[in-house]
Amino acid sequence: MSLMSPETTDLGTPDIALNVASVSFAELGVPQPIIASLAKDGVTSPFPIQAATMRDALAGRDVLGRGRTGSGKTIAFAIPTVVALANSTTRRVPSRPRALVLVPTRELANQVAEAMRPLAAAMSLKVATVFGGVGQHPQLAALRSGGDIQVACPGRLEDLIQQRQCHLDRVEVTVLDEADHMADLGFLPGVRRLMDATPAGGQRLLFSATLDNGIDVLVKRYMSQPVIHSVDPAVA
């Protein structure tokens, strides 16, 4: 499992050579409570995409991570998101999440939230989910209780915003996961509207297997000097 060759691109800084063979979460700057939470789930060393992106993401930089499903992307963005909020001086406010994770499907929303919850709990943070295909009342209750991190599918989140049940004016970190899949499903117009509703200057982390179908436009429009890392998918 090795880093792919650095790319030449006008979207941001190309990959930086990095030896990820033996790096540890502690060496990457991950706080000890999160390391302990990962260890409880049997995660003791980072996958290549986590090792490649973690230092830049923890430093608050915009990061574009290119890797296919199974490469370990969730932890790669979950840890920096949790750490950023834990270090922030802002506080939890009902119906106004401080971090937003956009995903294409409710199945992925549930998977991402399940992976993020123990890491967030280790730093006294809360994760909530928003997606269609189910009743919205439990999701509204979670929003009103003040979730720090909102994992959401674009369609249902836009519905709740139009109902004035959710506001994105306090979002400090925005994550786009499987952006290429969202493009395939026709979600990019909604993604752009949601991104426009978040404050300028927040940290943006985008993970995608490709830059096709308008993903490059998202990068250019919403990311500030992103560091780009491409890795092979993790294999068992």
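Residues numbered from 1 in each chain as written. Predicted model: local features only at pLDDT ≥ 70, side-chain atom pairs only at ≥ 80, totals over all residues. Heavy atoms only, no water.

**Q** Which residues make up the overall build of the protein, and what are the values?
**A** Within the protein, the secondary structure is distributed over 9 helices and 7 strands. The buried share among the 236 residues of the protein stands at 51%. Considering only residue pairs separated by 6 or more positions, the protein has 75% of its internal contacts joining residues 24 or more positions apart. Accessible area of the protein: about 10,300 Å², with a carbon and sulfur share of 50%. (Helix = DSSP H or I, 4+ residues; strand = E, 2+ residues; numbered from the N terminus. Buried < 20%, exposed > 50% of the residue type's maximum accessible area, 1.4 Å probe, protein only. Contact = heavy atoms within 4.5 Å. Areas by Shrake-Rupley, 256 points an atom, 1.4 Å probe, with all protein chains shown as cover.)

**Q** A description of the confidence of the model for the protein should follow, citing residues and the corresponding values.
**A** With 89% of its residues at a pLDDT of at least 70, the protein reaches an overall mean of 88. Residue range residues 1-20 is modelled with pLDDT below 50. Its contacts to residues more than four positions away, or to other chains, number 43 contacts. (pLDDT = per-residue confidence, 0-100.)

**Q** Residue-level account of empty space enclosed by the protein, with values.
**A** The tally for this structure, following the rule as stated, stands at 1 cavity of 30 Å³ or more. Space inside the largest cavity adds up to approximately 40 Å³. If you list the elements that add at least two residues to the lining of the largest cavity, you get β5 (173-177), β6 (203-208) and α9 (215-222). In terms of residues, the lining of the largest cavity owes the most to one element, β6, which gives 3 residues. Taken together, the residues of the lining of the largest cavity sort by class into 7 nonpolar, 1 polar and 1 charged. (1 Å grid on protein atoms, 1.4 Å probe; cavity = no way out; pocket = protein on both sides within 12 Å on 5 of 7 lines; lining within 4 Å. Points joined across faces, edges and corners; volume = space filled by probe spheres on them. Nonpolar A, V, L, I, M, F, W, Y, C, P; charged D, E, K, R; others polar.)

**Q** Lay out the packing of helix α2 (residues 48-58) against helix α3 (residues 73-87) with the relevant residues and their values.
**A** When two helices pack together, their arrangement is given by the angle between the helix axes and by the axis-to-axis distance. Taken N-terminus to C-terminus, the directions of α2 and α3 make an angle of 20°; their axes are 9 Å apart at the nearest point. With respect to their mutual orientation, α2 and α3 come out roughly parallel. Viewed along their axes, α2 and α3 form a crossing whose handedness is right-handed. The residues of α3 that touch α2, namely those facing I49, Q50, T53, M54, A57 and L58, are K73, I75, A76, I79, P80 and V83. Here the residues of the contact of α2 with α3 are counted per class, giving 9 nonpolar, 2 polar and 1 charged. (Axes fitted to C-alpha atoms, helices over the stretch in contact; angles between N-to-C directions. Parallel < 35°, antiparallel > 145°, perpendicular 65-115°, else oblique. Left-handed = near helix turned anticlockwise from the far one by under 90°.)

**Q** Tell me what's going on with the pairing of strand β1 (residues 63-66), and back it up with residues and numbers.
**A** Where burial is concerned, the two faces of β1 agree: the one with V63 and G65 and the one with L64 and R66 are both buried. Sheet analysis places β1 next to strand β7 (residues 227-230), joined by 4 bridges and oriented parallel. Paired with R66 across the strands is S230, a residue of β7. (Pairing = 2+ DSSP bridges.)

**Q** Could you give me a rundown of the packing of helix α8 (residues 188-197) against α9, with the residues and numbers involved?
**A** The geometry of α8 relative to α9 is characterised by a closest axis approach of 11 Å and an angle of 10° between their N-to-C directions. In terms of orientation, α8 and α9 fall into the roughly parallel class. Contact residues: L188, V191, R192, M195 and D196 in α8; I215, L218, R221 and Y222 in α9. The residue inventory of the contact of α8 with α9, partitioned by class, reads 6 nonpolar, no polar and 3 charged.

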